[in-house]
Amino acid sequence: MQTQISRRRLLNTLAISTLGMTFARQRLYAASLISADSELSLASWIGSLKTNAHNLRQREISPLQWQEIMDRIYAATPLTKFKDHLNFSQLSQEILEKIPSDRQEYFHRIQLKHPSGDDLPGGKEPHQVLVTKVAHVRKGESVPPHGHSSMVSAFLCLSGEFDVQLFDRLDNREDEMVVRHSKRNKTAGPGTWSSISDYRDNVHWLTAKTEDCFLFTCKMLSVEPKLPLNGRIHINLKEAKSIGNNTYIAPKISYARAQELY
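Residues numbered from 1 in each chain as written. Predicted model: local features only at pLDDT ≥ 70, side-chain atom pairs only at ≥ 80, totals over all residues. Heavy atoms only, no water.

*Asks:* I tried to follow the overall build of the chain on my own but got confused; where do I start?
*Replies:* Of regular secondary structure, the chain possesses 6 helices and 12 strands. Out of the 262 residues in the chain, the part that is buried amounts to 44%. Of the accessible surface of the chain, which amounts to about 13400 Å², a share of 51% is contributed by carbon and sulfur atoms. (Helix = DSSP H or I, 4+ residues; strand = E, 2+ residues; numbered from the N terminus. Buried < 20%, exposed > 50% of the residue type's maximum accessible area, 1.4 Å probe, protein only. Areas by Shrake-Rupley, 256 points an atom, 1.4 Å probe, with all protein chains shown as cover.)

*Asks:* Got a minute to help me understand the pairing of strand E4 (residues 151-159) in this structure?
*Replies:* Along any regular strand the residues' side chains alternate between the sheet's two faces. E4 sits mainly inside the fold: 9 of its 9 residues count as buried. Pairing analysis gives 8 bridges linking E4 to strand E9 (residues 213-221), with the strands arranged antiparallel. When the sheet's bridge partners are listed, Ala-154 is paired in E9 with Cys-218. (Pairing = 2+ DSSP bridges.)

*Asks:* Just checking my understanding: could you explain the pattern of salt bridges for this structure?
*Replies:* Side chains bearing opposite charge may pair, as long as their charged atoms lie close to each other. Tallied over the full model, the rule gives 10 salt bridges. Here Asp-201 ties to Lys-183 by a salt bridge, and the two come within 2.7 Å at their closest N and O atoms. Pair noted here: Asp-201 is in the loop between strand E7 (193-196) and strand E8 (203-208) and Lys-183 is in strand E6 (residues 176-188), with a separation of 18 residues, a long-range link. Among the charged side chains, a salt-bridge network with shared partners connects Asp-71, Lys-183, Arg-200 and Asp-201. (Salt bridge = Lys/Arg side-chain N within 4 Å of Asp/Glu carboxyl O.)

*Asks:* Teacher, can you tell me more about unusual backbone geometry here?
*Replies:* Here the phi dihedral of Asp-201 falls at roughly 50 degrees; this positive angle occurs in a residue that is not glycine. Unusually for a residue other than glycine, Ser-222 sits at a positive phi of about 55 degrees. Position of Ser-222 among the secondary structure elements: in the loop between E9 and strand E10 (230-234). Classification of Ser-222 by relative accessible area gives partly exposed; the value is 38%.

*Asks:* So what exactly am I meant to see when it comes to helix H5 (residues 88-98) here?
*Replies:* Because an α-helix packs 3.6 residues into every turn, residues spaced three or four apart end up facing the same way. For H5, the full list of buried residues reads Phe-88, Leu-91, Ser-92 and Ile-95. Down the axis of H5, the smallest arc covering the buried residues is 95 degrees, so these residues share one side. When the buried face of H5 is taken as reference, the exposed residues oriented beyond 90 degrees from it are Ser-89 and Glu-97. Against the buried residues of H5 lie helix H4 (79-86), strand E1 (105-110), strand E2 (131-137), E4 and E9. (Arc of directions from axis to C-beta. Contact = heavy atoms within 4.5 Å.)

*Asks:* Would you mind going over the sheet that holds E9 with me for this structure?
*Replies:* Taken together, 5 strands build an open sheet; the order of strands is E1-E2-E9-E4-E7 and the sheet is antiparallel. The open sheet terminates on both sides in strands that have one partner only, identified here as E1 and E7. When the angles between neighbouring strand axes are averaged without regard to direction, this sheet yields 20 degrees. Pairing of E2 with E9, which is carried by 7 bridges, proceeds in the antiparallel orientation. Pairing of His-136 across the sheet is with Phe-214, part of E9. This element, helix H2 (residues 42-57), spans E4 and E9 of the sheet and lies at about 30 degrees to E9. Packed onto the sheet, H4 meets E1, E2, E4 and E9 and runs at close to 95 degrees relative to E4. (Axes fitted to C-alpha atoms, helices over the stretch in contact; angles between N-to-C directions.)

*Asks:* Honestly, the packing of aromatic side chains in this entry has me stumped. Any pointers?
*Replies:* Within a pair of aromatic rings, the relevant descriptors are the distance that separates the centres and the angle that separates the planes. One pass over the structure, following the stated rule, counts 8 aromatic pairs. Measuring from ring centre to ring centre gives 5.0 Å for Phe-82 and Phe-216, while their planes differ by 80 degrees; the resulting arrangement is edge-to-face. One end of the pair, Phe-82, is in helix H4; the other, Phe-216, is in strand E9, and 134 residues separate them in sequence. Judged by its relative accessible area of 0%, Phe-82 falls in the buried class. Taking 5.5 Å as the distance between ring centres and 90 degrees as the angle between the ring planes, the aromatic pair formed by Phe-88 and Phe-214 counts as edge-to-face. Taken together, the residues span a long stretch of sequence, with Phe-88 in helix H5 and Phe-214 in strand E9 at a distance of 126 residues. Ring pairing ties together the aromatic residues Trp-45, Tyr-74, Phe-82 and Phe-216, which thus form one cluster. Residue placement shows Lys-238 over the ring face of Tyr-262; its charged tip is 4.7 Å from the ring centre. (Phe/Tyr/Trp six-rings, centres within 6.5 Å; stacked < 30°, edge-to-face > 60°. Lys NZ or Arg CZ within 6 Å of the ring centre and 35° of its normal.)

Here it is, written out as structure tokens:
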């Protein structure tokens, strides 16, 4: 019996060690490809998006690690080349023509092509490895404050200026959410970014300050098997109760109410 227990402990230790080495290798690999002080080539940048998404879907990295690597990828964005690749001038005009008059935000799904001509893996949104969109927010309006569950996403400002606020979700209750204000950038312009996961900066709130506010966004769904998938969990920070240390208890609200308030 003692021998079996010792052997089991050894196998568990080896499994944990192997998992740790896998994560360590992934971080080192990402760091070797993405330099913090220089931009990637467009092909490498799009390839990094695909690789990072694939590694999360295969559970080779955690959602938090996906988020950390996305921060490095977005920091190395070849923004001018990427906008040219999107044909941004034409695309933004198409989005402005499509956005309903009663909507303050509009997310337009795109199929991101690699410069080689190959598409990133497609399919219907719930089953797609990486969902990519370009969004427009009207001046003075918001992507209202909301959190997510079993989802990761990352926003990259393509044009305009945003007021971006991020919050860590401390507790997710039936009718309210406890959040702590973690970051704010009142002048987030082209090339700035933010990312969310269940583990860091889960709630975001973006307000457009200029007429030309466009974002590139990518997201992945159902990344946590033990958590229910919720695309948006809206909260009302205008009526949140402060409990000190930049922490608030905010009531949950409907999508329609969020559109009215923000």
